[in-house]
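Listed below, chain by chain, are the residues.
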Amino acid sequence: MASGEESVQGSETKGSMWVLEQKIDQPMEEEAGRLKNMYREKKFSTILLLRLAFQSLGIVYGDLGTSPLYVFYNTFPDGIEDPEDVIGALSLIIYSLTLVPLLKYVFIVCRANDNGQGGTFALYSLLCRHAKVKIIPNQHRTDEELTTYSRSTFHEHSFAAKTKRWLEADAFRRNALLILVLVGTCMVIGDGILTPAISVLSASGGIKVKQPHMGNDIVVLVAVVILVGLFSMQHYGGKKKGWKSLGGIMLSITGTEALFADLAHFPVSAIQLAFTIVVFPCLLLAYSGQAAYLMQNQLHVHDAFYLSIPEKIYWPVFIIATLAAVVASQATISATFSIIKQAHALGCFPRVKVVHTSKKFLGQIYVPDMNWILMVLCIAVTAGFKNKIQIGNAYGTAVVIVMLVTTLLMTLIMLLVWHCHWMLVLLFTVLSLVVECMYFSAVLLKVDQGGWVPLVIAAAFLIIMYVWHYGTLKRYEFEMHSKVSMAWILGLGPSLGLVRVPGIGLVYTELASGVPHIFSHFITNLPAIHSVLVFVCVKYLPVYTVPEEERFLVKRIGPKSFHMFRCVARYGYKDLHRKDDDFEKKLFDNLFVFVRLESMMEGCSDSDDYSSICGAGEEPLPRGGMMGYGQTSSLLCVEGAARPSSSVVVVDSIVPAAGSAAVVRRVHGNSSSMSLSSSSWSGSSNKNNNNKKVVQAAEMEMEMEAEEGEDELEFVGRCREAGVVHIMGNTIVRARRESRCYKKVAIDYVYAFLRKMCRENSVIFNVPHESLLNVGQIFSV
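Residues numbered from 1 in each chain as written. Predicted model: local features only at pLDDT ≥ 70, side-chain atom pairs only at ≥ 80, totals over all residues. Heavy atoms only, no water.

1. A closer look at the overall build of the protein chain
For the protein chain, the count of helices and strands is 26 helices and 13 strands. The buried share of the protein chain, reckoned over its 781 residues, is 53%. In the form shown here, the protein chain has an accessible surface area of approximately 33,400 Å², with 60% of it arising from carbon and sulfur atoms. (Helix = DSSP H or I, 4+ residues; strand = E, 2+ residues; numbered from the N terminus. Buried < 20%, exposed > 50% of the residue type's maximum accessible area, 1.4 Å probe, protein only. Areas by Shrake-Rupley, 256 points an atom, 1.4 Å probe, with all protein chains shown as cover.)

2. Some details on the packing of helix H10 (residues 216–232) against helix H15 (residues 314–345)
In helix packing, the relevant descriptors are the interaxial angle and the interaxial distance, both defined with respect to the helix axes. Axis separation between H10 and H15 bottoms out at 11 Å; the angle between their running directions is 45 degrees. Between H10 and H15, the angle is such that the two are oblique. For H10 against H15, the interelement crossing comes out right-handed. Packed against H10, whose contacting residues are Ile226, Leu230 and Phe231, the element H15 presents Thr322, Val326, Ser329, Gln330 and Ile333 at the interface. A per-class count over the contact of H10 with H15 returns five nonpolar, three polar and no charged. (Axes fitted to C-alpha atoms, helices over the stretch in contact; angles between N-to-C directions. Parallel < 35°, antiparallel > 145°, perpendicular 65-115°, else oblique. Left-handed = near helix turned anticlockwise from the far one by under 90°. Contact = heavy atoms within 4.5 Å. Nonpolar A, V, L, I, M, F, W, Y, C, P; charged D, E, K, R; others polar.)

3. Some thoughts on the nonpolar core
With 142 residues, the main nonpolar core has Phe72, Phe121, Tyr124 and Tyr306 as its most contacted residues. At 17 residues, the largest contribution of residues to this core is made by helix H17 (residues 388–416). In terms of nonpolar packing, the next biggest core, distinct from the first, is built from 32 residues, Ile504, Leu506, Tyr540 and Val554 among them. (Core = buried A, V, L, I, M, F, W, Y, C linked by side-chain atoms within 4.5 Å.)

4. Considering helix H22 (residues 583–601)
If you check H22, its first and last C-alpha atoms are 27 Å apart, about what 19 residues at 1.5 Å a residue would give, namely 27 Å. Here H22 has its buried residues at Phe583, Leu587, Phe588, Asn590, Leu591, Phe592, Val593, Phe594, Val595, Leu597, Glu598 and Met601. (Expected span 1.5 Å × (residues − 1).)

5. Examining the side chain of Glu479
Relative to the elements of secondary structure, Glu479 occurs in helix H19 (residues 452–481). No salt bridge is formed by the buried Glu479, whose closest oppositely charged neighbour, Arg475, lies at an N-O distance of 5.7 Å. Excluding its chain neighbours within four sequence positions, the residues that come into contact with Glu479 are Thr509, Leu511, Pro516, His517 and Gln777. (Lys, Arg positive; Asp, Glu negative; His and termini not counted. Salt bridge = Lys/Arg side-chain N within 4 Å of Asp/Glu carboxyl O.)

6. Considerations on the environment of Asp191
Counting through the fold element by element, Asp191 comes out in helix H8 (residues 171–204). By relative accessible area, Asp191 is classed as buried at 7%. Ignoring sequence-local partners within four residues, the contact set of Asp191 consists of Pro196, Thr332, Tyr395 and Val399. A polar contact is formed between the side chain of Asp191 and the side chain of Thr195, at a distance of 2.6 Å. (Polar contact = N/O pair within 3.5 Å; in protein donor to acceptor, adjacent residues only side chain to side chain.)

7. Overview of the packing of aromatic side chains
One pass over the full model with this rule turns up 16 aromatic pairs. Each ring, one from Phe305 and one from Tyr306, has its centre 5.3 Å from the other, and the planes form 80 degrees; the classification is edge-to-face. The partly exposed category is assigned to Phe305, whose relative accessible area is 22%. According to the relative accessible area criterion, Tyr306 is buried, its value standing at 3%. (Phe/Tyr/Trp six-rings, centres within 6.5 Å; stacked < 30°, edge-to-face > 60°.)

8. Quick word on unusual backbone geometry
Comment: phi is negative for the bulk of residues other than glycine, and the bulk of peptide bonds are trans. We note that Asn115 has phi near 55 degrees; this positive angle belongs to a residue other than glycine. Along the chain, Asn115 falls in the loop between helix H5 (83–106) and helix H6 (120–130). Positive phi values are uncommon outside glycine, yet His563 reaches one of about 55 degrees. With respect to the helices and strands, the residue His563 is situated in the loop between strand E5 (552–557) and strand E6 (564–571).

9. What about the confidence of the model for the protein chain?
Looking at the protein chain, pLDDT values average 76 and 77% of them are 70 or higher. The model gives residues 1–41 a pLDDT under 50, and that stretch makes 87 contacts with residues more than four places away or in other chains. Long-range and interchain partners of residues 604–709, a stretch whose pLDDT sits below 50, account for 238 contacts in this model, where long-range means more than four residues apart. (pLDDT = per-residue confidence, 0-100.)

10. Some thoughts on the pattern of salt bridges
Scanning the entire structure with this criterion turns up 13 salt bridges. Between Glu436 and Lys104 there is a salt bridge, and its shortest N-O distance comes to 2.3 Å. Taking the relative accessible area as the measure of exposure, Glu436 reaches 2% and is therefore buried. Among the ionic contacts, a cluster of salt bridges with common partners joins Glu548, Arg551, Asp575 and Lys586.

11. Quick word on the pairing of strand E3 (residues 499–509)
When E3 meets strand E4 (residues 528–540), the two strands line up parallel, connected through nine bridges. Its bridge partner lying in E4, Thr509 is registered against Cys537. With four bridges connecting them, E3 and strand E12 (residues 724–734) associate as parallel partners. Across the sheet, residue Gly505 finds its bridge partner in E12, namely Val725. (Pairing = 2+ DSSP bridges.)

12. Here we look at the packing of H6 against H15
Relative to each other, H6 and H15 sit at 35 degrees, their axes nearing to 9 Å. Here H6 contributes Thr120, Phe121 and Ala122 to the contact with H15, which in turn contributes Ile339, Gln342 and Ala343. Here the residues of the contact of H6 with H15 sort into four nonpolar, two polar and no charged.

13. So, helix H18 (residues 422–444)
For H18, with 23 residues, the first-to-last C-alpha span of 31 Å sits near the 33 Å given by 1.5 Å per residue. Those residues of H18 that sit buried are Val425, Phe428, Thr429, Ser432, Val435, Glu436, Tyr439, Ala442 and Val443.

14. Considerations on a nonpolar patch on the surface
Residues Phe159, Trp422, Met423, Leu426, Val430, Val434 and Met438 make up a contiguous nonpolar surface patch of roughly 650 Å² in combined accessible area. Within the secondary structure, Leu426 sits in helix H18. Exposure remark for Leu426: the relative accessible area of 43% places this residue in the partly exposed category. (Patch = residues over 30% accessible without salt bridge, like charges linked within 9 Å, V, L, I, M, F, W, Y side chains within 5 Å.)

15. Focus on the environment of Lys208
Inspection of the secondary structure puts Lys208 in helix H9 (residues 206–210). Assessed through its relative accessible area of 34%, Lys208 is described here as partly exposed. Once the C-alpha coordinates of Lys208 and Val219 are considered, the two residues, 11 residues apart in sequence, prove to be 7.1 Å apart. Residue contacts for Lys208: discarding those within four places in its chain leaves Met214, Asn216 and Val219.

16. Examining the side chain of Ser202
Residue placement: Ser202 occurs in helix H8. Setting aside chain neighbours within four positions, we find Ser202 in contact with Leu69, Tyr70, Tyr306 and Lys388.

17. Some remarks on the environment of Ile401
Assignment of secondary structure puts Ile401 in helix H17. Using a relative accessible area of 13% as the deciding quantity, one classes Ile401 as buried. Expressed as a C-alpha distance, the spacing of Ile401 and Leu455, which sit 54 residues apart in the sequence, is 9.9 Å.

Here you go:
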């Protein structure tokens, strides 16, 4: 693992086995090429591109398209004093639309997508692949061989390399980057609350224009009814005064972040075409038309959009505006669900239920728990403020902070991923920050007028996300530091010091290597263990998806007689565990393929040059250490004794003390030889005699096993028929007694509450209750 969890073996010795490996692996290179082509952005025909661009109008640009409902009202909340102010506001709106949505997002930021995925966490995933900035170091070098794990390289002395080393050198910088991403994510969640509130309330205000006697409470009630229906359907898929007005103008570019977050539904070329040809000109016409109307009717600024509509088409336009507000809200809520799913996959959000609402599109999901939380908060904001001004102030605060976060992340993307010249990066960063900081300073003046709402919402979600991530990290560090050594496992012998009963035990762990502490806790408290043990590690990688044929990695732990395996199931942040997915069946399919291929490779001969054998330490092979589903790698890895597949390595016992030696038997075709792998070796006759006795005992035991002659594949199959038990750890995290008060509150109360409320892993993987065995353990941080 890149973090040091597993060490990388030295140079690979070339022999006949190496040549055989090249022949066997050669077809996989062609297959990998075909798979990579599947995940590249497709080339679309002109007709299809136009069709996709048309479809993106409502989904991607819904929020931007509804901004004319409330921009001028929030720009001039106290009325228009001079008609020239309207021209000035229109000029700022045109400049803002040109600089931020058009130039920055559509033509620059959208190019920084992660295989078509957009949003804050997509940018963070790109950075995690190009630099070691991920806080939880659970990646392995084999993960970089995924077809979706695209990554560019740069020269060691380049400015990008220096930036990478600077970012990786200090844990504080990596943590600061994570907090920056979490802040942006929390603001997007706040955006998912405020967008429906202001859009629907502004659209509903059209009723009052035609019915002046109607009170504002009726308008609010209509907006609340529409919001309830909206969330219920989610399952289906200058002067100080002038400076304050700048906050209202900033609302004209709201929805830009939703544009980037919803990028997964459409190709970048369709987004660029739709915005340039249709959206941008239409927005300019809409704002110019309202400005011309306000020049002649300055008193109508509060409802400029509806009052400027001709009488004959008023109600049709009202219906269209209301539907547009619903569509805009739908797009923002979907973006919120998407980013919550990404945060959960990267260990920054509690486990919640995620429902896949479409069989055709990977990104269309529904999060029931978050949906109702968003609905309650949205209704509270709408009913609490009752006017567009305060909601608009809150909305502007959330949007501008997300834009600032995106700018800072894009600076790193341009350096580490795109390898742009530092002068070009500096130009982009300065220009973006100048525009966005002006808007940010304007919205800060309105914190006491509703701008505090997104700050409070973001602070609450930031606490939840950071505490959850901190607890997850400490649990992982505990697993890492307390994992059982292979020497201890091998010293127990093939029976593990217990009675091996028929059946298969699936031991779930967060470690991709090593034996977890939960296993030692299990076997020291129970008198029996299953005949076959599989350590299952489910981990998420900073990629948007892992192809099904590359999802599972299988390898053996220890000698063959131990019947212990490891299976690593890898997922991307867009991958879902569906109810119809048979996780257990897929796991065993990959296990059987591994055992079958391993038995096939045992008859292959190896050259004398390839004769290095590791001892009891856990070191994987330099290549092909793990085998994925559908792959035919000729090198099969055994933890505790890494070796080429042509050699059957059996480590039978460990002699304690300094002169301990691992006894290894290698079979080369028809000939056999004995070798010793020890941490230290002495030439004394006593030690030699002891080692000879161990060798003789090992030979006798292995000969007895050979006489039994039982095929392992059939043995594993019979064990599966006997029954499968899912063994999961129920780890309780507690703060130490000497910990500070805030740490005790965070761990003992906040994290404990989140753990109690979130979904269990057994539910996520559809584990039958009668096959589940929880093993509890407590540790302090």
